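# Structural overview
What follows is the residue order along each chain.
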Amino acid sequence: MPRFTHLARRAALTFLAIAFTAVPGSGAKAQARVIDGPPAPVAPAAISRDTAGHATVRAIKLSVALTLDGVLDEEVYTREQPFDGLIQVVPDYGKAATERSEIWITYDRENIYLSCRCWDASPPGEWIVNELRRDTGGLRNNEHIGVLFDTFYDRRSGFAFYTNPLGARADYSVVDEGGSNTDWNPVWTSKTGRFDGGWTVEMAIPFKSLRYRAGPDQVWGIQIRRSVRHKNEWTYLTRVPQILAGPQALNRVSAGGTLVGLDLPAAGMNIELKPYVVARSATDNVRVPQVKDAFSSEIGGDIKYAVTPNLTADLTVNTDFAQVEIDEQQVNLTRFSLFFPEKREFFLEGRGIFDFGRGGSGVLGTGGVDTPSLFYTRRIGLNNGGVIPINVGGRLTGKLGPYAIGLMNIGTANDATTATQPTNFTVVRLKRDVLRRSSVGVMMTNRSVATAGTGSNVAYGVDGAFLLSQTLTAGTYWARTSTTGGTALGGDDQSYQARVDYAADRYGAQAEYLAVGANFDPQVGFRRRSDFRRSYGLLRFSPRPRMRFKPVRKFTFTTSGEYIENAAGTLETRVILGHFDTEFQSSDKFSIDLTNDYEFLRQPFTPLGSPAAIAAGGYSFADVAVSYEFGAQRRASGTVKLQGGSYYDGTIRSVTVGPSSAFGTSRVSVTQRLAIEPTFTIVRIERPAASFTTRLARARVDYGFTPLMFMSALLQYSSADRAFNTNLRFRWEYAPGSEIFLVYTDERDMTADRFVTPTTVRGLKNRTIVLKVNRLFRY
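Residues numbered from 1 in each chain as written. Predicted model: local features only at pLDDT ≥ 70, side-chain atom pairs only at ≥ 80, totals over all residues. Heavy atoms only, no water.

Summing up its helical and strand segments, the protein chain has 4 helices and 42 strands in all. Looking at the protein chain as shown, the accessible area adds up to about 33,200 Å², and 58% of this sits on carbon and sulfur atoms. (Helix = DSSP H or I, 4+ residues; strand = E, 2+ residues; numbered from the N terminus. Areas by Shrake-Rupley, 256 points an atom, 1.4 Å probe, with all protein chains shown as cover.)

Next up, the structure:
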């Protein structure tokens, strides 16, 4: 095994070196071809399709701007023919849409527009329209239409916008066909209306909100998605892979069509200034000395400047994240740390460029949570549960020819409460496009003060993501860390991975080998566990039944095996998983999971909420889980899951009502304006030494006044730490890109008297009330 891993590491590094220097067709002429895309086709009357079904759409140049009202009564709508021809991905793959869509793409000096007359034979009472909030996940489960623009026609990245019949808006960016960055929040507008046969929409996207090449006869990539959700029908401008049935196919940029006829204006200065002012009242009964209703105020702001059409510089001064929603509590019965998602806007913009070792899938490799990350933004500005002030930060992200560039430098202040010293964080990322949809890259992170308070920490590595076809991908990385000073660690400080993924609609397979050294310690990243070698394999069979099983859309059978040993060759984890699910035409899903697990504990482990530790040693245990997921388009959606079996030296039983996954939601739409997202989990573990019950309850309540104004509440209770959290947020976009936030947050200890210790703070632990106002200026 050591010889194999040594050879695998050398092979991966050699492959990356060859890719950087001698990729076939990587010369100047080939790179121009990759960046500029295929030669521009002759502009059609409205739309044309070649023999392969590739669509070419003509954009219509306007001499007078559209009056955005959703009525579609301007002269252009009678003078110019719309286009249609959307293609189903579900329920009837490859067939024409059942409802007509009359679409126009127009533009003037300021904006590019998508207008559509969305026909629907069903009465409006049957439509699924219940979302007003911006960028909420529930919007894609409404009737909606959206567009993705590949503005550099590189078939890799783009900007997406969509809206529903209420005019609610959602947007996101995609980098290298990876996961969508839904926290990209550009300025744009949509207006909708109704007519006897359906609904209408006009979307106006300012060119200042996009990055593009100016000049005549420009060519973009384009994909259009429409969801007739009450029919569970998803349609696209061009045919997309069947396995991407649903909303996610919009991210497959390379499968989109072509937009021609664009004479685009110069970008101008393209400078954005966004100053803010904050007033805050804070109470902290845990801090010594205690703080009672302390008032403070501060100012700061952000500056964004387009260095080139595809390279953007950002500067943030005295950064404030008061409007960010608090973290959602989770039940953790493992011995490893949880990975919490980033929610702060500054760190979310352009994040796709900083992904390392993740490939085009947007996930942490095929192994998921065990794959370490070189860059985890929550290491900046957060420590020991406290917020660390950010004095100043700068970032440069974008592309120069075939190179993707990401530079970040941020300085944080001293914080006595969390014993945090002033620290500088630096991240450097460079990727090069190779082949048609692949890339290779390097990355380096540096922390001027290591987490122990002395010395510094640096991490660096190389990686590659190879999208070899629409169904076959491969990825690899090698990384190393170094810590100086009193916490210096020597030897066994590397991590590397090789993986391959075949994902066709009917069959799938994955294979991975991952190694993480005992002293591999990326202190600006995330490492769940260390000192292990992981081998993983998965096989999937997903048949779509014939008409005799008409209610069923697809069956899925999956089996996987995971084998983890430490550097000494001792088996630490072995997981054999069998999975079966039935996906119905209604989008409901029934699932069964059988898990056989072996865990070796090097030292005693105390599960959260348990009064006694589990002794060191080896344990074999198994469980079965049965769940039913109600389709996201339903008025009440979510998953009910039952689990039972053994757990280390005892038994486990659990009931969960909530999201189907970390990225899903459970939702009850009370009205078009009011929605509740409930989650409830109860876990009972019985062991010879001690038994305990863990409960987690969470509810998010959203009320939308208009598409530009909403209020939300996140209420949480966890029995493990007996804490009750409240987070109330009001947001009003009073002008394009300018907002007012009013936020109330508190945490209360719900410990009963019999559990109180002399240091316990009962009742209110902390409370904050914040008013924040910002203003966007664009030049």
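The omega torsion of the bond from V90 to P91 falls at 5 degrees, within 30 degrees of zero and hence cis. Following the sequence through the fold, P91 ends up in the loop between β4 (87-90) and β5 (101-107). One non-glycine residue, S587, adopts positive backbone phi at about 80 degrees. Looking at the secondary structure, you find S587 in the loop between β30 (571-584) and β31 (589-601).

Turning next to the nonpolar core. By size, the foremost hydrophobic cluster in this structure holds 36 residues, and its most contacted members are I112, W220, I224 and L259. Elements supplying a minimum of two residues to this core: β2 (55-58), β5, β6 (111-119), β7 (144-150), β8 (158-163), β11 (198-206), β12 (215-228) and β14 (257-264). Apart from residues no more than four positions distant in its own chain, I112 is found in contact with I105, T106, Y107, F149, M203, A204, I205, F207, L210, W220, L259 and L262. (Core = buried A, V, L, I, M, F, W, Y, C linked by side-chain atoms within 4.5 Å. Buried < 20%, exposed > 50% of the residue type's maximum accessible area, 1.4 Å probe, protein only. Contact = heavy atoms within 4.5 Å.)

Here we have 5 strands laid out as an open sheet, ordered β3-β5-β6-β11-β10, and mixed in their pairing. Since the sheet does not close on itself, it has two edges, and those belong to β3 (60-61) and β10 (189-195), each with one partner. Relative to β6, β5 runs antiparallel, the two being bridged by 7 bridges. Along β6, the bridge assignment pairs S101 with C118. (Pairing = 2+ DSSP bridges.)

This part takes up the pattern of salt bridges. The final tally for this structure, using the stated rule, is 48 salt bridges. With a shortest N-O distance of 2.7 Å, R528 and D370 are connected by a salt bridge. You can see R528 sitting in the loop between β27 (507-516) and β28 (532-541) and its partner D370 sitting in the loop between α4 (345-348) and β18 (382-383), a full 158 residues away along the chain. Look at the salt bridges and you will find they share partners, linking R134, D135, R169, D171, K274, R731, E733 and E739 into a network. (Salt bridge = Lys/Arg side-chain N within 4 Å of Asp/Glu carboxyl O.)

Take the packing of aromatic side chains next. Evaluation of the coordinates by the stated rule reveals 26 aromatic pairs. Geometrically, the ring pair formed by F161 and W184 is edge-to-face, given 5.7 Å between the ring centres and 65 degrees between the ring planes. Separated by 23 residues along the polypeptide, F161 in strand β8 and W184 in the loop between β9 (169-174) and β10 bring together distant segments of the chain. Measuring from centroid to centroid gives 6.0 Å for F605 and Y648, while their planes differ by 55 degrees, and the two rings are tilted. Linking F605 in the loop between β31 and β32 (617-630) with Y648 in the loop between β33 (636-647) and β34 (650-658), this pair joins segments that are 43 residues apart in sequence. The pair F605 / Y648 is uniform in exposure class, with both members buried. Cluster of aromatic residues (ring-pair linked, three or more members): Y507, F541, F555, F557 and F580. When the ring centre of Y276 is taken as origin, the NZ or CZ atom of K772, which lies over that ring, is 4.8 Å away. (Phe/Tyr/Trp six-rings, centres within 6.5 Å; stacked < 30°, edge-to-face > 60°. Lys NZ or Arg CZ within 6 Å of the ring centre and 35° of its normal.)

Together, F630, V640, L642, V655, V657 and F680 line one region of the surface with nonpolar side chains, adding up to about 460 Å² of accessible area. If you list the elements that add at least two residues to the nonpolar patch, you get β33 and β34. Along the polypeptide, V657 turns up in strand β34. (Patch = residues over 30% accessible without salt bridge, like charges linked within 9 Å, V, L, I, M, F, W, Y side chains within 5 Å.)

This brings us to the pairing of strand β38 (residues 709-718). In the sheet, strand β37 (residues 692-706) pairs with β38 via 10 bridges, with the strands oriented antiparallel. Within β38, the residue paired with A699 across the bridge is L715. As consecutive antiparallel partners, β37 and β38 are separated by 2 residues. As defined by bridge partners, β38 adjoins strand β39 (residues 723-735) across 10 bridges and the pair is classed as antiparallel.

So, on to the environment of L435. Residue placement: L435 occurs in the loop between β22 (423-434) and β23 (438-447). For the pair L435 and L468, spaced 33 residues apart in sequence, the C-alpha to C-alpha distance is 8.7 Å.

With respect to the helices and strands, the residue L776 is situated in the loop between β41 (763-774) and β42 (777-778). Take L776: its relative accessible area is 12%, and that puts it in the buried class. For L776 and L273, which are 503 residues apart along the polypeptide, the C-alpha to C-alpha distance reads 5.8 Å. Residues in contact with L776, not counting those within four places in the same chain, are V187, E272, L273, K274, P736, G737 and S738.

Of all 6 residues in β9, 6 are buried; the element is thus mostly enclosed. Every second residue of β9 is oriented toward a common face, with R169, D171 and S173 on one face and A170, Y172 and V174 on the other, all of them buried. Note that β8 and β9 share 6 bridges and pair antiparallel. Along β9, the bridge assignment pairs F161 with D171. Here β8 folds back onto β9 in antiparallel fashion, the turn holding 5 residues, of which G167 has a positive phi close to 85 degrees.

Its location among the elements puts R499 in strand β26 (residues 494-503). Despite its burial, R499 remains without a salt bridge, the nearest opposite charge being carried by E512 at 6.3 Å. At 3.3 Å, the side chain of R499 forms a polar contact with the backbone oxygen of G357. (Lys, Arg positive; Asp, Glu negative; His and termini not counted. Polar contact = N/O pair within 3.5 Å; in protein donor to acceptor, adjacent residues only side chain to side chain.)

Per-residue confidence for the protein chain gives a mean pLDDT of 86; residues scoring 70 or more make up 90%. Note on residues 1-8: pLDDT under 50 across the span, and 4 contacts to partners over four residues away in sequence or across chains. pLDDT under 50 marks residues 359-367. Its contacts with residues more than four places away, or in other chains, come to 25 contacts. (pLDDT = per-residue confidence, 0-100.)

Our next topic: the environment of F710. Within the secondary structure layout, F710 lies in strand β38. For F710, a relative accessible area of 7% puts it in the buried group. The contact partners of F710, leaving out residues within four places of it in the chain, are R133, Y703, G704, F705, R729, F730 and R731.

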